[in-house]
Amino acid sequence: MIRKTLAAAALSTAALLAAPAFAQEADIVDTAIAAGNFTTLAAALDAAGLVETLKGEGPFTVFAPTDAAFAALPAGTVENLLLPENREQLAAILTYHVVPGMVMSTDLTEGMTATTVQGADVTITLEGGPKINGATISQPDIMASNGVIHVIDSVIMPPAN
């Protein structure tokens with residue numbers, strides 16, 4: 001009896017781990033929140049008023065910095081950006097991480113540029129692993145119902161105007 005229960009539990013767990021159904025049914029925001037390592041990004045999207053946009057139809061490609069990427073910024077940077085008076089600057093930084101359309105990792109080529117929602121271009125390099133503006137893409141191609149997320153290890157900043 002115990003053996004059957006353990007076998008059933010193992011099969012159920014394996015099926016859950018193998019089935020990315022939730023990620024494909026959830027939008028970009030909900031997929032990022034469910035991953036658990038994007039709490040700062042989620043708070044920043046909310047503070048910038050971008051949650052509804054990234055829950056929209058899309059498709060969007062989001063280069064998503066992890067909580068560790070935000071933590072690596074100079075002390076006080078995140079807290080300062082989350083202030084209401086810095087909403088425009090925060091929105092510019094966040095939209096610099098978003099490219100309209102669906103860009104999969106297999107689409108990336110050396111020296112490729114893409115125009116972000118913010119308006120400035122980002123550059124992809126492949127030597128030593130895929131990078132966007134020097135930030136390493138540590139986990140590519142996380143599917144969502146309205147696009148794709150590529151996890152990056154640092155926050156990329158738009159060029160100064």
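Cut-offs and rules
- Residues numbered from 1 in each chain as written.
- Predicted model: local features only at pLDDT ≥ 70, side-chain atom pairs only at ≥ 80, totals over all residues.
- Heavy atoms only, no water.
- Helix = DSSP H or I, 4+ residues; strand = E, 2+ residues; numbered from the N terminus.
- Buried < 20%, exposed > 50% of the residue type's maximum accessible area, 1.4 Å probe, protein only.
- Contact = heavy atoms within 4.5 Å.
- Areas by Shrake-Rupley, 256 points an atom, 1.4 Å probe, with all protein chains shown as cover.
- Core = buried A, V, L, I, M, F, W, Y, C linked by side-chain atoms within 4.5 Å.
- Arc of directions from axis to C-beta.
- Polar contact = N/O pair within 3.5 Å; in protein donor to acceptor, adjacent residues only side chain to side chain.
- pLDDT = per-residue confidence, 0-100.
- Pairing = 2+ DSSP bridges.
- Axes fitted to C-alpha atoms, helices over the stretch in contact; angles between N-to-C directions.
- Parallel < 35°, antiparallel > 145°, perpendicular 65-115°, else oblique.
- Left-handed = near helix turned anticlockwise from the far one by under 90°.

Bringing the overall build of the protein into the picture now. Helix and strand counts for the protein come out as eight helices and seven strands. A buried classification covers 39% of the 161 residues belonging to the protein. Sequence-distant contacts in the protein: of pairs separated by 6 or more residues, those separated by 24 or more amount to 62%. Of the roughly 8800 Å² that the protein leaves accessible, carbon and sulfur atoms contribute 60%.

Here we take up the nonpolar core. Taken as a class, soluble globular proteins show a tendency for nonpolar side chains to be buried jointly. Residues L41, L45, L54, V62, F70 and L94 are the most contacted members of the largest nonpolar core, which totals 29 residues. Sequence-distant contacts of F70, defined by excluding residues within four places in its chain, comprise T40, L41, P65, V78, L94 and V155. Counting residues in each nonpolar core, the second largest holds 14 residues, with L108, I124, I137 and I152 among its members.

What follows deals with unusual backbone geometry. A cis amide bond links G58 to the next residue, P59, at an omega of 10°. Along the chain, P59 turns up in the loop between helix 5 (51–54) and strand 1 (60–65). At N133, a residue that is not glycine, the phi angle is positive and equals roughly 50°. Relative to the elements of secondary structure, N133 occurs in the loop between strand 5 (131–132) and strand 6 (135–144).

For the rest of this paragraph, the subject is helix 3 (residues 28–35). When we look at burial in helix 3, the residues that qualify are I28, V29, T31 and A32. The buried residues of helix 3 all sit within an arc of 165° when viewed along its axis, so they share a single face. N-capping of helix 3 is provided by D27, with a side-chain oxygen placed 3.0 Å from the backbone N of V29. Looking at the residues trailing helix 3, positive phi occurs at G36, about 90°.

What follows deals with the confidence of the model for the protein. On average, residues of the protein carry a pLDDT of 87, and 84% of them reach 70 or more. Here residues 1–23 is a poorly scored stretch, pLDDT under 50, and it has six contacts once near neighbours within four places are set aside; other chains count.

Quick look at the sheet that holds strand 4 (residues 121–125) now. In spatial order, the strands read 2-1-7-6-5-4-3; together these seven strands make up an open sheet with mixed pairing. Strand pairing shows two members of the sheet lacking a second neighbour, strand 2 (98–100) and strand 3 (113–115), which therefore form its edges. In this sheet, strand 7 (residues 147–152) lies alongside strand 1 in parallel orientation, the contact comprising six bridges. By the bridge assignment for strand 7, F63 is matched with H150.

What follows covers the packing of helix 4 (residues 39–48) against helix 8 (residues 87–95). With their axes 9 Å apart at the nearest point, helix 4 and helix 8 run at an angle of 125° to one another. With respect to each other, helix 4 and helix 8 are oriented oblique. The way helix 4 lies across helix 8 gives a crossing that is left-handed. Of helix 8, the residues touching helix 4 (which contributes L41, A44, L45, A47 and A48) are R87, L90, A91 and L94.

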